[in-house]
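# Residue-level structural notes
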Amino acid sequence: MKIVFMGTPDFAVASLEKLIEVGHDVCAVFTQPDKPRGRKMVMTPPDVKVCALSHGLDVYQPKTLKDGKALETIKELSPDVIVVAAYGKILPKEIIDYPKYGCINIHGSILPKYRGAAPIQWSVINGDDETGVTTMQMNEGLDTGDILQIEKTPISIDDTASSVFDRLSRMGAQLVVKTLDAAQNGELKPIKQDDSKSSYAPMLDKNISEIDWSQDALTVHNKVRGLYSWPIAHTFYKGKKLKIYKTALSDLSGKVGEVLSVSPLTIACKDKSVEIVELQLEGKKRMDYKSFLLGHPLKCGNNILEA
């Protein structure tokens, strides 16, 4: 198939690579404009752009798709299908309707659950035991198009949003190839979504990352897992932000926020507790709990919130 690919972050790279690998004609790639990143705000290209240029593909980075210029470019390219993976822009109807096979989206959840920008992170935060990828025939709504194919995977208690993200990226690459094959062979059977079973997974921001130790231990643990590797769950220690990168569940119990053990470092929640495995105090490097305690000797009975 002749394909225009639209995607931006690393989640989409595996799909672009796979489409090229299996021999599809990727005639062009659309991605978001370069953005300043890091403390020095260096202009940085999206991961998909880097991948596309490494394969010698033409790259387009329009600020908008609504002025008609992107549509004219797509008409000149004349693709059979547009494949979309975490592009980050709403496609106008005239672009969605133009290709023979329309626009096929690779979405990181089992639709209709978790429509929106951060389905993978919210599936972990909410403690789901299963997630997956869905290929969808795009329409003008936000992830509301007909379901084409689904591939599922379990979420373990030790999975993070990052590990699930990587797994679904690879699964999405395999699934979109299967979906395109089925489309060419006339074998797709689109299924309308049940809107009553949908939920919205909004983009993450730093405002949700503070840990509430009065919640149950599983909720705290899921938050730490779901916010890894951004924006990272945190608490405060002596007025400084203390990022929590990794935790484990513990059966110990005590007063909310109380240090129950220092080997491993264990903090009480509403019911049981969590072990803090890796952390980072504001202005310091990320480290394991033993290294942290060498410079910050917490004792059993201390309260992390009052220390």
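Everything below is about the structure shown above.
Cut-offs used in this document
- Residues numbered from 1 in each chain as written.
- Predicted model: local features only at pLDDT ≥ 70, side-chain atom pairs only at ≥ 80, totals over all residues.
- Heavy atoms only, no water.
- Helix = DSSP H or I, 4+ residues; strand = E, 2+ residues; numbered from the N terminus.
- Expected span 1.5 Å × (residues − 1).
- Patch = residues over 30% accessible without salt bridge, like charges linked within 9 Å, V, L, I, M, F, W, Y side chains within 5 Å.
- Areas by Shrake-Rupley, 256 points an atom, 1.4 Å probe, with all protein chains shown as cover.
- Salt bridge = Lys/Arg side-chain N within 4 Å of Asp/Glu carboxyl O.
- Buried < 20%, exposed > 50% of the residue type's maximum accessible area, 1.4 Å probe, protein only.
- Contact = heavy atoms within 4.5 Å.
- Pairing = 2+ DSSP bridges.
- Axes fitted to C-alpha atoms, helices over the stretch in contact; angles between N-to-C directions.
- Arc of directions from axis to C-beta.

## Structural notes on helix α6 (residues 161-184)
Relative to the 34 Å expected for 24 residues at 1.5 Å per residue, α6 spans 34 Å between its end C-alpha atoms, a close match to the ideal helical length. G186 sits one or two residues past α6 and shows a positive phi near 70°.

## Structural notes on a nonpolar patch on the surface
Together, I90, L142 and Y200 line one region of the surface with nonpolar side chains, adding up to about 330 Å² of accessible area. Within the secondary structure, Y200 is located in the loop between α6 and α7 (217-226). Accessibility expressed as a relative area gives 54% for Y200, which makes it exposed.

## Some remarks on the pattern of salt bridges
On inspection of all chains with the given rule, the structure shows ten salt bridges. For K18, the salt bridge goes to E21, with nearest N and O atoms at 3.2 Å. Note that K18 and E21 are positioned in helix α1 (residues 10-21) at a spacing of three residues, about one turn of the helix. According to the relative accessible area criterion, K18 is buried, its value standing at 16%. As a salt-bridge pair, K93 and D97 come within 2.5 Å of each other at their nearest N and O atoms.

## So, the environment of L180
Along the polypeptide, L180 turns up in helix α6. Placed 161 residues apart in sequence, L180 and L19 show a C-alpha to C-alpha distance of 9.8 Å. In contact with L180, not counting residues within four places along its chain, are M1, I3, L19, H24, V81, V83 and I104.

## A word on unusual backbone geometry
Residue S229 is bonded to the preceding Y228 through a cis peptide linkage, with omega at 20°. Note that S229 resides in the loop between α7 and β10 (233-237). A cis amide bond, omega 5°, links S263 with the succeeding residue P264. In this structure, P264 sits in the loop between β12 (259-262) and β13 (265-268). A positive phi angle, near 50°, is found at M41, a position not held by glycine. Turning to its location among the elements, M41 is positioned in the loop between β3 (35-37) and β4 (42-44). A positive phi angle, near 60°, is found at Y114, a position not held by glycine. Residue Y114 is classed as buried on the basis of its relative accessible area, which comes to 7%.

## Let's talk about the sheet that holds strand β9 (residues 146-154)
Spatial ordering of the open sheet is given by β5-β2-β1-β6-β7-β8-β9, a layout of seven strands whose pairing is mixed. Unpaired on one side and paired on the other, β5 (59-60) and β9 mark the two borders of the sheet. Sheet topology places strand β1 (residues 2-7) next to strand β6 (residues 81-85); five bridges connect them, and they run parallel. Bridge pairing in β6 places M6 opposite V84. Docked against the sheet, α1 engages β1, β2 (25-30), β6 and β7 (103-107), running at close to 165° with respect to β1.

## Some remarks on helix α3 (residues 69-77)
An α-helix turns once every 3.6 residues. As a result, residues three or four positions apart point the same way. Regarding α3, the residues found buried are A70, L71, T73, I74 and L77. Buried residues of α3, viewed axially, fall in a sector of 160°; they line one side. In α3, the exposed positions that point more than 90 degrees away from the buried face belong to K69 and E76. Elements that come into contact with the buried residues of α3 comprise β1, β2, β5, β6 and α4 (93-96). Once α3 finishes, S78 follows within two positions and takes phi at roughly 50°, a positive value.

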